[in-house]
Amino acid sequence: MTAELSMLIDVSRCMGCRGCQVACKQWNQHKAEKTRFTGTYQNPPQLSPETWTLIQFIEPVDYDDNPRWLFRKQQCLHCTDAVCAQVCPTGAINKLENGIVYINQGICAGCKACVETCPFHIPKFDHHSGTVRKCWLCLDRVKNGLKPACATVCPTGAIRFGSRAEMLRIARERQQILTNQGFAPRIYGEKELGGQHAMYLLPENASIYGLPENPRKPTEKIIWRWLMGVIPGLAILAGIGSYLLKERSKSEAKTGGE
Amino acid sequence: MTNHWIDIRNADRIMIIGSNAAENHPISFKWVTKAIEQGAKLISVDPRFTRTSSKAHIYAPLRSGTDIAFINGMIKYVLDDMEKNPQSYNMEYVREYTNASFLIDPAFKLPADMNGVFSGYNPKKRSYSKGTWSYQLDSDGIHKKDKTLSHPDCVFQLLKKHVSRYDAQTVCNITGTPADVYNEVCRTFAESGKRGKAGTIMYAMGTTQHTYGTQNIRGYAILQLLLANMGVAGGGINALRGESNVQGSTDHAILFHYLPGYLKCPEEDDVSVDTYSRIKYEGKNKDPRSADWWGNARKYIVSLLKSWYGDKATPENDFAFGYLPKREVGKDYSHISLFETMYDGDIKGMICLGQNPAVGGPNAQKERKALEKLDWLVCADLWETDTANFWRRPKGDDLDDTVDPASIKTEVFLLPAAASMEKEGSITNSGRWSQWRYTAVHPPGRAKSDLWILDRLFKAVSARYKNQGGPIAGAILDMAWDYGTGDEPDVHAVAKEINGYDLNTGKLLPSFGILKADGTTSSGNWLYCASYTEAGNMATRRNGLDPTNIGLYPEWAWCWPVNRRIIYNRASVDMKGRPWDKKHPVIVFKGGASDGKYISRKWIGDVPDGGWYPLMNPDGTLRDDAKYPFIMKPEGHARIFGMGRVDGPLPEHYEPLESPLTKNPMGHATRINPAIKLWHEVRPENNKIGTPDEFPIVGTTYRVTEHWQAGAMTRNLPWLVELMPDVFVEMSVELAAEKGIKNGNKIIVTTARGTLEGIACVTPRFKPFKLNGKSVHQIGIPWHWGYTGLARGSSANCLTPHVGDANTMIPEYKAFLCNVNKKEVV
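Residues numbered from 1 in each chain as written. Chains lettered and ligands numbered in written order. Predicted model: local features only at pLDDT ≥ 70, side-chain atom pairs only at ≥ 80, totals over all residues.

Summing up its helical and strand segments, chain B has 21 helices and 31 strands in all. Here chain B has a C-alpha radius of gyration of 27 Å; the compact-globule value for 826 residues is 28 Å, and the two agree. Considering only C-alpha atoms, chain B reaches an extent of 90 × 70 × 55 Å along its principal axes. A buried classification covers 54% of the 826 residues belonging to chain B. For chain B, long-range pairs separated by at least 24 residues make up 70% of all intrachain contacts whose partners lie at least 6 apart in sequence. (Helix = DSSP H or I, 4+ residues; strand = E, 2+ residues; numbered from the N terminus. Rg over C-alpha atoms; globule rule 2.2 N^0.38 Å. Buried ≥ 20, exposed ≤ 12 C-beta atoms within 10 Å, placed from the backbone. Contact = placed C-beta atoms within 7 Å.)

Given below as structure tokens:
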């Protein structure tokens, strides 16, 4: 059995240099987005099919009048209880034994069931390929014994990658150190949604970082109702056949999918 | 850096001031983070709350340009606390290793007694005669000292008197720092003064780019000496150099006032090697316990001339010393001065290698205009730079409304250059490590290395001289220039020449200790002698062993001088050679002892600053054959009182040239540094200076992680442009409210020199400063943008003035006056 892998994002160490954001684009050969400065350092403003990871710049304003600046690396958390894989009608989203949740671009029909149901709003629909895309923890690198690109460039060691057991061990160690420093740290993703394969060490509560305190899957009823609306559409999509296949093979080449 | 990057992890206290290390030197935070996790406290001092501040235990805001007040107040705190709690400080270090005990000429006067200037000031010349800034000597020429530190003429008492005016309330009224935060900074950093504790100061351009930048650093030096933080692991004053190889380029004399290895540039009255060596370097010390290392300079200048002129440098022709250019005494050839001269039409041509002054130079509109006066301009760069493109630059803020190229006569050559990964050679990092790099990929197209470009240029100039002759042709034609026969010059031949040879045997030299003044040795840079020896190219070493466990990694690359990783390290031990910090010993004396006397010499750890015996035997008797630890100063002691600078032996607070205060808040009549050159007075054309009634807001400039310097390298990379696409202006919520500006609005910043269009970044990270109850606003602008490349925008340097530091002439980019308004939408 393959050992479960995980990324550990130690938010207390992140200083927002965004080396990870560029490394991701470089390795996955993603296009730069045309952006504008809108009053925050955060750019692009949100995840997209071409931006699989993003540092969120958060400036809390109501804290003893002292400025603060928080940075959180946003990306797919690769849940064990991966609702995206569960709702995927075509089986394009695979939960691999090592924990990586991976969208097979050759099978994805672009129904957006995962887009609608992900509790973290991670998967993004790509109008060019007609598929949904997101972080795949650099599966191509990982399969060859390398760390994901983002983890190789982080100057402060805020992004680590290895066996999930080892990442948890480090997280607990860091949690203790931060506790001693007066923080109330939380290992986010240890238990959440069955355990994630990209965990956060948060120095304080999750909501300040824009994360749900208790991430939950949508109820089955909601999922089912939503799917009922999608399935007839899927049948029509399937009928388009050859055209879609061509598009898929293009996107497959782009992401280096299996 | 006196120390090096990895060493930051050894610190107990880290003060980052005049630097935004997390953003501009992200890798430093690998070690800052490590130190914090081992219990270190991080203090961030900055006008605005930065990514560095976000990681700090204490964030102390200060108004741009008030570092001296800030530091002098800290010095006062330490001196006051020393009286109450001497056990919390290392008084032996202060007494024995610094010039605290030295007596100064009784005629010397402090600014408090001289209406803001030190004794010796000549207001007409705007300069000092330094006669009274000198030590008292006894009849043998030895410095008079008072080891009790109580004599009113001793440095310690003079310092005490000087900083007594900088009480916390006065300081905070100048800097705008909240008093409680300031006190916490003082208390926290002073804790590094205890024996066995270390505090480091990390600084960068926020410190230097002021009209008193050098004095800012002097303030840090004084503080660090009082806290016994120089020479120890986790201590030091650490300049984070702004480019990967700035340290290397400085070592190899990119600045006008130095030859390689920081040998002083000869001046017109240096008529021979002998006068040069005698006047500038020799006989400065009579104390036998002082090594006075610069007394060896004659060996270094002769070896340098042998390296440059080879067989043509002989004792008979004074080693070709006459060929060296001599600068006019006191004449300034720095950036501002060059561009002022160019503006006057006195400079005909310019070569810009990897420099983009049209964006990076102060008062950029004037400097762009100055380029029009050139007959020719050569730019060697990776991309077409704004400088190379100046002949079709925009007239104002509208980037598409350009000047008429037909009106500009300058002939511009653009040479495609190789990037650092496309060529082999050394690069010297801030920690003085010379690390060899190899060609990873070949340069694209016809791009060439700088070495190739300079080699061809030299050969072409040389051929022209040979055929047509010219003034001082020997200076060119007699030069030893042999870097192989290949298309690419042999970079190893250059590196070996820099190291130097024994000219009798032809062998590479192992150390500068054996350089000679008789012409039998060569060395292109004495500081790098030992970098490339018969044992090989030391810069290529990649041994990751750390026998000392303090991160010295002595066999990783090579470090000047003589692979010494922490300079002044003989101050890290007590007079008997035992480390103050037992946990992080830099060096330890392990010589044999008998009858209470050391009888053999052996140091372990880092390469010591001289391998002499410790000053004191185990039985407490002083040794005659020992040397004081600060070997680069003639008196062997670190200077709390520093007579080497042109603008005062101790730092005094002055306002920036453009400041919101019309008077010096220290209560005297000297508002600005009295020794700076006032370009707006001597050359008023296009050198306007603003006043606070018209421009009430303080402006400053800085960099962001995502862009590099003047931007040519990064504004053309789509992934980086995506992260930081536009010029933005950071300002407080309060200022934005006053001006009716909303986050993301287009705004116009105006100074007496020009305007800038940018996007407002309204943030609680900037706060108005309260100065004596009055609110003063400050804004900040990254300066990376220009009119050429993928991401274009106004250059912040269109706003900054032509005025520089009194000692170095580094421009005052960090503090000027401006106004801000919302851009009217047509």
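Scanning chain A from terminus to terminus reveals eight helices and 10 strands. Classification of the 258 residues of chain A by burial places 43% in the buried group. At a minimum sequence separation of 6, the contacts of chain A that also span at least 24 residues come to 61%.

Below, the discussion takes up the nonpolar core. One finds Ile14(B), Val155(B) and Val729(B) to be the most contacted residues of the largest nonpolar core, which totals 234 residues. Considering every element that reaches this core, the biggest residue donor is helix 3 (residues 67-84) of chain B, with nine residues. (Core = buried A, V, L, I, M, F, W, Y, C linked by C-beta atoms within 7 Å.)

Let's shift gears to the interface of chain A and chain B. With 27 residues of chain A at the contact, the number on the chain B side is 30 residues. Residue contributions to the side of chain A that touches chain B peak at five residues, all from helix 1 (residues 19-28) of chain A. Here the residues of the side of chain A that touches chain B are counted per class, giving 11 nonpolar, nine polar and seven charged. (Nonpolar A, V, L, I, M, F, W, Y, C, P; charged D, E, K, R; others polar.)

Here we take up the sheet that holds strand 7 (residues 237-239) of chain B. All names here are of chain B. With parallel pairing, five strands are arranged side by side in an open sheet as 3-2-1-6-7. Strands with a single pairing partner mark the edges of an open sheet, and in this sheet they are strand 3 (58-60) and strand 7. Each strand axis lies, on average, 20° off the axis of its neighbour in the sheet, ignoring direction. The pairing of strand 1 (residues 13-17) with strand 6 (residues 199-203) spans four bridges and is parallel. Paired with isoleucine 16 across the strands is methionine 202, a residue of strand 6. Sitting on the sheet, helix 9 (residues 213-226) touches strand 6 and strand 7, and the angle it makes with strand 7 is about 150°. (Pairing = 2+ DSSP bridges. Axes fitted to C-alpha atoms, helices over the stretch in contact; angles between N-to-C directions.)

Residues and elements named next belong to chain B. On the basis of which strands lie adjacent, the open sheet formed by three strands has the order 10-11-12 and parallel pairing. Lying at the two open borders of the sheet, with one neighbouring strand each, are strand 10 (349-353) and strand 12 (411-416). Adjacent strand axes in the sheet meet at a mean angle of 10° when their direction is disregarded. Sheet analysis places strand 11 (residues 376-381) next to strand 12, joined by six bridges and oriented parallel. For alanine 380, the partnering residue across the bridge sits in strand 12 and is leucine 415.

Residues and elements named next belong to chain B. Checked against the element boundaries, isoleucine 217 lands in helix 9. In this structure isoleucine 217 comes out as buried when scored by C-beta crowding, with 23 C-beta atoms within 10 Å. Considered as a pair, isoleucine 217 and alanine 239 are 22 residues apart in the sequence and their alpha carbons are 9.5 Å apart. If sequence neighbours within four positions are ignored, isoleucine 217 has contacts with Thr207 and Ile237.

Here the focus is the domain arrangement of chain B. Residue and element names in this part refer to chain B. The assigned domain composition of chain B is domain 1 (6-101 + 146-242), domain 2 (335-468), domain 3 (584-627) and domain 4 (679-822). For domain 2 and domain 4, the distance between their C-alpha centres works out to 25 Å. The partner domain 4 presents 30 residues to the 25 residues of domain 2 that form the contact. Breaking the side of domain 2 that touches domain 4 down by element, the ones donating at least two residues are helix 13 (335-343), helix 14 (357-360) and helix 15 (364-371). (Domains from an automatic or database assignment.)

What follows concerns helix 6 (residues 164-180) of chain A. Residues and elements named next belong to chain A. Between its first and last C-alpha, helix 6 extends 24 Å over 17 residues, near the 24 Å set by a 1.5 Å rise per residue. Turning to helix 6, its buried residues are Arg164, Met167, Ala171, Arg174, Gln175 and Leu178. Viewed along the axis of helix 6, the buried residues span an arc of 110°, placing them on a single side of the element. Residues of helix 6 that are exposed and angled more than 90 degrees away from the buried face: Ala165, Glu173, Gln176 and Asn180. (Expected span 1.5 Å × (residues − 1). Arc of directions from axis to C-beta.)

Attention now goes to the pairing of strand 1 of chain B. The element strand 1 of chain B is extensively covered by neighbouring structure, given that five of its five residues are classed as buried. Residues Arg13(B), Met15(B) and Ile17(B) line one face of strand 1 of chain B and the alternating positions Ile14(B) and Ile16(B) line the opposite face, and both faces are buried.

Looking now at helix 16 (residues 450-468) of chain B. All names here are of chain B. Taking 1.5 Å per residue, 19 residues should reach 27 Å; helix 16 reaches 27 Å between its end C-alpha atoms and fits that length. Residues of helix 16 that are buried in the fold lie against strand 11 and strand 12. Once helix 16 finishes, glycine 469 follows within two positions and takes phi at roughly 70°, a positive value.

All names here are of chain B. In contact at an axis separation of 8 Å, helix 13 and helix 15 are set at 50° when each is read in the N-to-C sense. By the angle class used here, helix 13 and helix 15 are oblique. Judged by the sense of rotation from one axis to the other, the crossing of helix 13 with helix 15 is left-handed. Here Phe339, Met342 and Tyr343 of helix 13 lie close against helix 15, whose contacting residues are Lys366, Glu367, Lys369 and Ala370. Of the residues belonging to the contact of helix 13 with helix 15, the class tally is four nonpolar, no polar and three charged. (Parallel < 35°, antiparallel > 145°, perpendicular 65-115°, else oblique. Left-handed = near helix turned anticlockwise from the far one by under 90°.)

Take the environment of Glu734(B) next. Residue and element names in this part refer to chain B. Within the secondary structure, glutamate 734 sits in helix 21 (residues 733-739). Judged by the 15 C-beta atoms lying within 10 Å of it, glutamate 734 is partly exposed. For the pair formed by glutamate 734 and phenylalanine 766, sequence separation is 32 residues and the distance between their alpha carbons is 9.1 Å.

The next point concerns unusual backbone geometry. The omega torsion across Asn43(A) and Pro44(A) is -10°, close enough to zero to call that bond cis. Tracing the chain through its elements places Pro44(A) in the loop between helix 1 and strand 2 (54-58).

The next point concerns the packing of helix 11 (residues 273-280) of chain B against helix 12 (residues 297-309) of chain B. Residues and elements named next belong to chain B. At a minimum axis separation of 9 Å, helix 11 and helix 12 run at an interaxial angle of 145°. For helix 11 against helix 12, the interelement crossing comes out right-handed. Contacts between helix 11 and helix 12 involve Val273, Tyr276, Ser277 and Lys280 from the first element and Ala297, Arg298, Ile301 and Val302 from the second. Per-class residue counts for the contact of helix 11 with helix 12 are five nonpolar, one polar and two charged.

On the secondary structure map, Val727(B) appears in the loop between helix 20 (718-723) and strand 25 (728-731). Here the alpha-carbon distance between Val727(B) and Ile781(B), two residues 54 residues apart in the chain, equals 7.5 Å.

Moving on, we come to the confidence of the model for chain A. Averaged over every residue, the pLDDT of chain A is 89; residues scoring 70 or more account for 83%. Scored below 50 in pLDDT, residues 252-258 of chain A makes 11 contacts in the model with residues more than four places away or belonging to other chains. (pLDDT = per-residue confidence, 0-100.)

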